[in-house]
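Now for the letters of each chain:
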Amino acid sequence: MASFSGLALTLLSVVALLLGNSHAQLTPNFYEDSCPDLLSIVQAQVEIAIKNEKRMGASLLRLFFHDCFVNGCDGSVLLDDTPAFVGEKNAAPNANSVRGFEVIDVIKAAVEEACPGVVSCADILAISARDSVVQLGGPDWQVKLGRRDARTASQAAANSSIPPPTSNLSELISSYAAQGLSVQDMVALSGAHTIGKARCTTFRNRIYEEANIDSFFSNTRKPNCPGTPGQGDDNLAPLDIQTPTRFDNSYFVNLVARKGLLHSDQALFNGGSTDTIVQNYSQNPDAFIQDFITAMIKMGDIKPLTGCSGEIRTNCRRLN
Ligand code: HEM
Ligand SMILES: *[C@@H]1O[C@H](CO)[C@@H](O)[C@H](O)[C@H]1NC(C)=O
Ligand SMILES: *[C@@H]1O[C@H](CO)[C@@H](O)[C@H](O)[C@H]1NC(C)=O
Ligand SMILES: *[C@@H]1O[C@H](CO)[C@@H](O)[C@H](O)[C@H]1NC(C)=O
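In this text, all values refer to a predicted model and were calculated from it rather than measured experimentally.

S.K.: Please set out the overall build of the protein residue by residue, giving values where relevant.
M.R.: The number of helices and strands found in the protein is 14 helices and two strands. Seen through its C-alpha atoms, the protein measures out along the principal axes to roughly 70 × 50 × 35 Å. Here the protein holds 320 residues, and 49% of them are scored as buried. A separation threshold of at least 6 residues defines the contact pool for the protein, and within that pool the share at least 24 residues apart is 75%.

S.K.: Requested: an account of the pattern of salt bridges, with residues and values cited.
M.R.: As enumerated under the stated definition, the model contains 14 salt bridges in all. Through salt bridges with shared partners, a single ionic network connects Asp80, Lys89, Asp105 and Arg317.

S.K.: For the packing of aromatic side chains, give the residues involved together with the corresponding values.
M.R.: A complete count under the given rule lists eleven aromatic pairs for this structure. With centroids separated by 5.0 Å and ring planes inclined at 85°, the aromatic side chains of tyrosine 251 and phenylalanine 252 adopt a geometry described as edge-to-face. For tyrosine 251, a relative accessible area of 1% puts it in the buried group. Under the relative-accessibility criterion, phenylalanine 252 is labelled buried at 0%.

S.K.: Which residues make up the site of ligand 4, and what values go with them?
M.R.: Near ligand 4, the surroundings consist of Asn280, Ala287 and Asp291. A distance of 2.3 Å separates an oxygen atom of ligand 4 from a polar atom in the side chain of asparagine 280. In the model, an oxygen atom of ligand 4 is placed 2.6 Å from a nitrogen or oxygen of the aspartate 291 side chain. Here ligand 4 has 360 Å² of accessible area as a free molecule, and 41% of this is covered by the chains.

S.K.: Describe the site of ligand 2, naming the residues involved and giving the relevant values.
M.R.: Ala92, Gln155, Ala156 and Asn159 make up every residue found near ligand 2. Side-chain polar atom of glutamine 155 to a nitrogen atom of ligand 2: 2.8 Å apart, as the coordinates give it. Contact distances for ligand 2 include 2.4 Å between an oxygen atom and a side-chain N or O atom of asparagine 159. Computed on the free molecule, ligand 2 has an accessible area of 360 Å², of which 41% lies beneath the protein chains in the complex. In terms of residue class, the shell around ligand 2 is made up of two nonpolar, two polar and no charged.

S.K.: Pulling in residues and values, what's your account of the coordination of the iron atom of ligand 1?
M.R.: Note on metal sites: the ideal angle is 109.5 degrees for four tetrahedral donors, and 90 or 180 degrees for six octahedral donors. What the protein offers the iron atom of ligand 1 as a donor is a single atom, His193 (NE2), at 2.1 Å. Within the element layout of this structure, histidine 193 appears in the loop between helix 8 (183–190) and strand 1 (197–199).

S.K.: Tell me about the confidence of the model for the protein, and please be specific about residues and values.
M.R.: Considering every residue of the protein, the mean pLDDT works out to 94; 92% of them sit at 70 or more. Of the regions scoring below 50 in pLDDT, residues 1–23 engages in five contacts with residues more than four places distant in sequence or in other chains.

S.K.: Lay out the packing of helix 3 (residues 55–68) against helix 5 (residues 121–135) with the relevant residues and their values.
M.R.: The contact between helix 3 and helix 5 brings their axes to 8 Å, and the two run at 140°. Classified by the angle between their axes, helix 3 and helix 5 sit oblique to one another. Taken as a pair, helix 3 and helix 5 cross one another with a handedness that is left-handed. Residues Gly57, Leu60, Leu61, Leu63, Phe64 and Asp67 of helix 3 pack against Ala122, Leu125, Ala126, Ser128, Ala129, Ser132 and Val133 of helix 5. Here the contact of helix 3 with helix 5 is built from residues that sort into nine nonpolar, three polar and one charged.

Cut-offs applied
Residues numbered from 1 in each chain as written. Chains lettered and ligands numbered in written order. Predicted model: local features only at pLDDT ≥ 70, side-chain atom pairs only at ≥ 80, totals over all residues. Heavy atoms only, no water. Helix = DSSP H or I, 4+ residues; strand = E, 2+ residues; numbered from the N terminus. Buried < 20%, exposed > 50% of the residue type's maximum accessible area, 1.4 Å probe, protein only. Contact = heavy atoms within 4.5 Å. Salt bridge = Lys/Arg side-chain N within 4 Å of Asp/Glu carboxyl O. Phe/Tyr/Trp six-rings, centres within 6.5 Å; stacked < 30°, edge-to-face > 60°. Near = heavy atom within 4 Å. Polar contact = N/O pair within 3.5 Å; in protein donor to acceptor, adjacent residues only side chain to side chain. Areas by Shrake-Rupley, 256 points an atom, 1.4 Å probe, with all protein chains shown as cover. Nonpolar A, V, L, I, M, F, W, Y, C, P; charged D, E, K, R; others polar. Donors = N, O, S within 2.8 Å, 3.2 Å for Na, K, Ca; no water. pLDDT = per-residue confidence, 0-100. Axes fitted to C-alpha atoms, helices over the stretch in contact; angles between N-to-C directions. Parallel < 35°, antiparallel > 145°, perpendicular 65-115°, else oblique. Left-handed = near helix turned anticlockwise from the far one by under 90°.

What follows is the structure in structure tokens.
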């Protein structure tokens, strides 16, 4: 009996340790008492922002990814550079590319008015990402909450942790593995490229130089993305040629048809180990949706600050 309860205690503490490390204390009802209208406030503002500009839903979803992959989902991507502080906004994957900061400011102001000093910018990003997916016709899920905001940022980590569009399959797999995400999570999360746009500079080499590409597709893209580097670098093209503002599985249908826009997109269906997953999602929207939700929740669990760590920023752009 004594050894049984001893074993049970040991098991309990192992479980507690595991939970403490990998899932912290995030929970969907974290603000139930402290900010009961939080979800409807964020949802209303995300809806307005997307009504003003459809692309904004994609931009908000991407912001959450770029937050979570750099030392965890801690709002670090939102911090402005100052003469005394180097943020992440000018890191290679973010500069002249990530957007939506003004919308986050508006949402944060609305939330502060209702519940001053209570809700983190990191959680606002997580809720806004989910609401954007829903608003563009994608699935709904419960967002785990209780993250706090970092008092630090890392330009170096932003440069090295967010995979570039030149990545091959093994590079993609290892960059997600470094975040505790599986190959299946990686493929499912890449389905976020069913919405939003990319600049010519990110796909020029793909449409002019690569073989694993549908020629009708590459010819469609060339007029607005000249082959000469420096010309039309910032010209935009939809990541999903079929339904660019609808959150569906057509990204995977495109990959099977060799119509992935980025090199890193087509790498998921290029004769390698992830071909079967892409094939599955292209034929089975429910499989994609189910795995996307699982992976978004896992991504949202990356190294959150909880308890007394970090702070609840008043303004998402600066430390208190
Ligand atoms: C698999 C590795 C990934 C790579 C290499 C990658 C790369 C890129 C690139 C190069 C762009 C275009 C940026 C520009 O031209 O300014 C882009 C856009 C975008 N990415 Fe990713 N991405 C990846 C994963 C993800 C994930 C996991 C998400 C979200 C869950 C995501 C969401 C988006 C969205 C929604 C856009 C469009 C943003 C907009 O229109 O403002 N990406 N990505
Ligand atoms: C990150 O990348 C940017 C753009 O390439 C570069 O200017 C900056 O020096 C890099 N920062 C660090 C800390 O590596
Ligand atoms: C992927 O890229 C890395 C780094 O450039 C390279 O070492 C590796 O051989 C590439 N893998 C494949 C399968 O092409
Ligand atoms: C397709 O994906 C779903 C969700 O991950 C999985 O349950 C199912 O077994 C997969 N089907 C095939 C044929 O791989």
